2 protein chains.
Amino acid sequence: MTVILSDYLLEKRQLINEQLKHYVRDYTAPGRLQDAMLYSIEAGGKRLRPILLIATAEAFGAKVDKTMAVACGLEMIHTYSLIHDDLPAMDNDDFRRGLPTSHRRFDEATAILAGDALLTLSSEIIVNDQELNDRERVFLIQELSRASGASGMVEGQMQDMLSEDKQIPLEELENIHKKKTGKLLNFSIIAGAFLGNASNEKFDEMKKMGEALGLIFQIQDDILDVTGDAEKIGKPVGSDEGNRKSTYPQLLGLEGAQEQMESYVETAQAALKNAGVNQTILSELIHYLSSRDH
Amino acid sequence: MTVILSDYLLEKRQLINEQLKHYVRDYTAPGRLQDAMLYSIEAGGKRLRPILLIATAEAFGAKVDKTMAVACGLEMIHTYSLIHDDLPAMDNDDFRRGLPTSHRRFDEATAILAGDALLTLSSEIIVNDQELNDRERVFLIQELSRASGASGMVEGQMQDMLSEDKQIPLEELENIHKKKTGKLLNFSIIAGAFLGNASNEKFDEMKKMGEALGLIFQIQDDILDVTGDAEKIGKPVGSDEGNRKSTYPQLLGLEGAQEQMESYVETAQAALKNAGVNQTILSELIHYLSSRDH
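Residues numbered from 1 in each chain as written. Chains lettered and ligands numbered in written order. Predicted model: local features only at pLDDT ≥ 70, side-chain atom pairs only at ≥ 80, totals over all residues. Heavy atoms only, no water.

Considering empty space enclosed by the protein
Then step 1. Overall, the coordinates contain 3 cavities of 30 Å³ or more when judged by the stated rule.
Then step 2. Approximately 160 Å³ is the volume attributed to the largest cavity.
Then step 3. Lining of the largest cavity is provided by 18 residues; of these, Leu119(A), Thr120(A), Ser123(A), Leu119(B) and Ser123(B) occupy positions nearest its centre.
Then step 4. Where the lining of the largest cavity is concerned, the elements lending two or more residues are helix H6 (108–128) and helix H7 (134–148) of chain A together with helix H6 (108–127) and helix H7 (134–148) of chain B. (1 Å grid on protein atoms, 1.4 Å probe; cavity = no way out; pocket = protein on both sides within 12 Å on 5 of 7 lines; lining within 4 Å. Points joined across faces, edges and corners; volume = space filled by probe spheres on them. Helix = DSSP H or I, 4+ residues; strand = E, 2+ residues; numbered from the N terminus.)

Re unusual backbone geometry
All names here are of chain B.
Then step 1. Even without glycine at this site, Asn92 takes up a positive phi of about 50°.
Then step 2. Position of Asn92 relative to the elements: it lies in the loop between helix H4 (68–86) and strand E1 (95–96).
Then step 3. Located in the positive-phi region is Arg97, a residue other than glycine, with phi close to 50°.
Then step 4. Looking at where Arg97 falls in the secondary structure, it is placed in the loop between E1 and strand E2 (99–100).

Comments concerning the environment of Ile125(A)
All names here are of chain A.
Then step 1. For Ile125, the location among the structural elements is in helix H6.
Then step 2. Under the relative-accessibility criterion, Ile125 is labelled buried at 1%.
Then step 3. Through-space distance from the C-alpha of Ile125 to that of Gly73 is 6.8 Å; in sequence the pair is 52 residues apart.
Then step 4. What Ile125 contacts, discounting residues up to four positions off in sequence, is Tyr23, Tyr27, Ala69, Cys72, Gly73 and Met76. (Buried < 20%, exposed > 50% of the residue type's maximum accessible area, 1.4 Å probe, protein only. Contact = heavy atoms within 4.5 Å.)

Comments concerning the interface of chain B and chain A
Then step 1. Tallying the contact residues gives 41 residues for chain B and 41 residues for chain A.
Then step 2. Across the chain B/chain A interface, buried area totals approximately 3600 Å², and carbon plus sulfur atoms make up 72% of it.
Then step 3. If you look at where chain B meets chain A, you find 0 salt bridges.
Then step 4. Here chain B and chain A share 6 residue pairs in polar contact (both at pLDDT 80 or more) between them. (Buried area = accessible area lost by both parts, 1.4 Å probe. Salt bridge = Lys/Arg side-chain N within 4 Å of Asp/Glu carboxyl O. Polar contact = N/O pair within 3.5 Å; in protein donor to acceptor, adjacent residues only side chain to side chain.)

Thoughts on the pattern of salt bridges
Then step 1. Across all of its chains, the model carries 28 salt bridges over all chains by this definition.
Then step 2. Residues Arg25(A) and Glu42(A) are paired through a salt bridge, measuring 3.9 Å at the closest nitrogen-oxygen approach. Of the two residues, Arg25(A) is situated in helix H1 (residues 3–27) and Glu42(A) in helix H2 (residues 32–42); the sequence distance between them amounts to 17 residues.
Then step 3. Lys12(B) serves as the salt-bridge partner of Glu11(B), at 3.4 Å between the closest nitrogen and oxygen.
Then step 4. A single network of salt bridges, built from pairs that share partners, joins Glu11(A), Lys12(A) and Glu58(A).

A closer look at the relation of the copies chain B and chain A
Then step 1. You can overlay chain B on chain A at an RMSD of 0.0 Å; the transform is a turn of 180° with a shift of 0.0 Å along its axis. Taken together, the rotation angle and the small translation identify this as a two-fold axis. Taking C-alpha positions as the reference, the residue of chain B nearest the rotation axis is Asp134(B), at 2.9 Å. (Least-squares fit on C-alpha atoms with pLDDT ≥ 70 in both.)

Some remarks on the packing of aromatic side chains
All names here are of chain A.
Then step 1. With the rule as written, the count across this model stands at 6 aromatic pairs over all chains.
Then step 2. Arranged with centres 4.0 Å apart and planes meeting at 20°, the rings of Phe139 and Phe194 form a pair that is stacked. Taken together, the positions of Phe139 in helix H7 and Phe194 in helix H9 (residues 170–195) put the pair 55 residues apart, joining distant regions of the chain. Each member of the pair, Phe139 as well as Phe194, is classed as buried. (Phe/Tyr/Trp six-rings, centres within 6.5 Å; stacked < 30°, edge-to-face > 60°.)

Focus: helix H14 (residues 280–291) of chain B
All names here are of chain B.
Then step 1. With 12 residues, H14 extends 17 Å between its outermost C-alpha atoms, agreeing within 8% with the 16 Å of an ideal straight helix rising 1.5 Å per residue.
Then step 2. Of all the positions in H14, only Ile281, Leu282, Glu284, Leu285, Ile286, Tyr288, Leu289 and Ser290 are classed as buried.
Then step 3. Residues of H14 that are buried sit in contact with helix H1 (3–27), helix H3 (48–59), helix H10 (200–227) and helix H13 (248–275). (Expected span 1.5 Å × (residues − 1).)

By themselves these figures say nothing about function.
Structural data, given as structure tokens:
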């Protein structure tokens, strides 16, 4: 990773972390529910989605202030989905990022409610944000709810669970990933381009980039599950095999998965170039996502 | 119940039931998640919240078309909260309205996801509704998210769980009910008055009415748990005592609880009169809520 990118990631991550805490504290009262919301919000993470959103908006010349509510709302949705996915009835994970999961630290009921509350709060902060006008608020909730609901992330999680213990073809695997992780990553790019007032043509190129990015992210995730270092990833490696999930390396071999990813990297870089915006950070982010080790 | 009211309830319930199914089918793809969403949506219920919303809007002269998205979004939030509240980690209920609860009919993971998807869909249909302009969409999501999230319904559910097996004073009990059930009932009235373009003064009166209505609803719920007919209610009576929950009859005696409710009925009727709108249906609804047997 270049110094420019690592500085950028650090700066934005701190900004997002601070703002996330402010939002939770401003909109909720002290107590167990707030504790559980803050616990998962403060458990860290790369803040990849909000950073992609901010980087895209900035590439189009938007001010970061304009992006904060939707960037944090997006991260709240990601966080709630992790809390619910970790539950005993779902993936039954005891640890995430080296810390006990919400239902282990608190209890299952609290974890369910903290997830529900974060999902609700994500809309609340967007529609109340003073930096956005009503048209912007509405567009962002339209896109975010579509990306995260029953035709997006939640449906992807459902299909992912139904495909466990099954061999599924590559096409179906991609379809699941596009919903489960792709749509939210894609939203980062769409929302950023929208807030940067991208023209229709540029918006469409960024959309292509966002789609490729989602697949890059997922293939690298699958590859890391085979080749990664458990300590860096913060969860045991080989868990996909244990869960008998279909993965890219399993369907294409490790080398085939790498090649597939490289072709998506080319797609993403080409789309970014066609959009003709200030590319440095975004281009480096694509590279980083395809070579990250955790 | 008068014939006028029972006809009104029947007509609106059918309208809401039809529209709810349309929304779920229009916004989601066939599959297990959609099945689970439809299962809970079709499990029935009085549709009290959306009917209150529509009745209020109509009392102020609004067209019913203008209310359908938010009325259905509100009912989706109520439905998701029941699905999650019924989970083993929460109230652990096997039946609701005489049917197996979502996690019994499907499984826990599906029930959690169906709840998440309904919560997300509630925003999605409101911000996409063609009958509403952006200002209206934004206002409705602002109020609905506040009423249903970590300073409203979800927080109320959290506090309700924390107060189990404890004797709590009346003030705390009311505070919990105001959040857990009151805010969403209150939203029905606020949203209806807003869509009917109520003046500030009338809006404030309707707000008072909504608050009283929430308490009426809860006291009657507690009373029915003592005096009610399990078959009519669709759940076992005496379950509050079994759960060792604090209730109005327990804190005030059955007669005291009745009197308390009557005083809220007077408050609600007075506020409605002060608002000076077409009162027939709303006034009958207040009466119905305070005397319902299920």
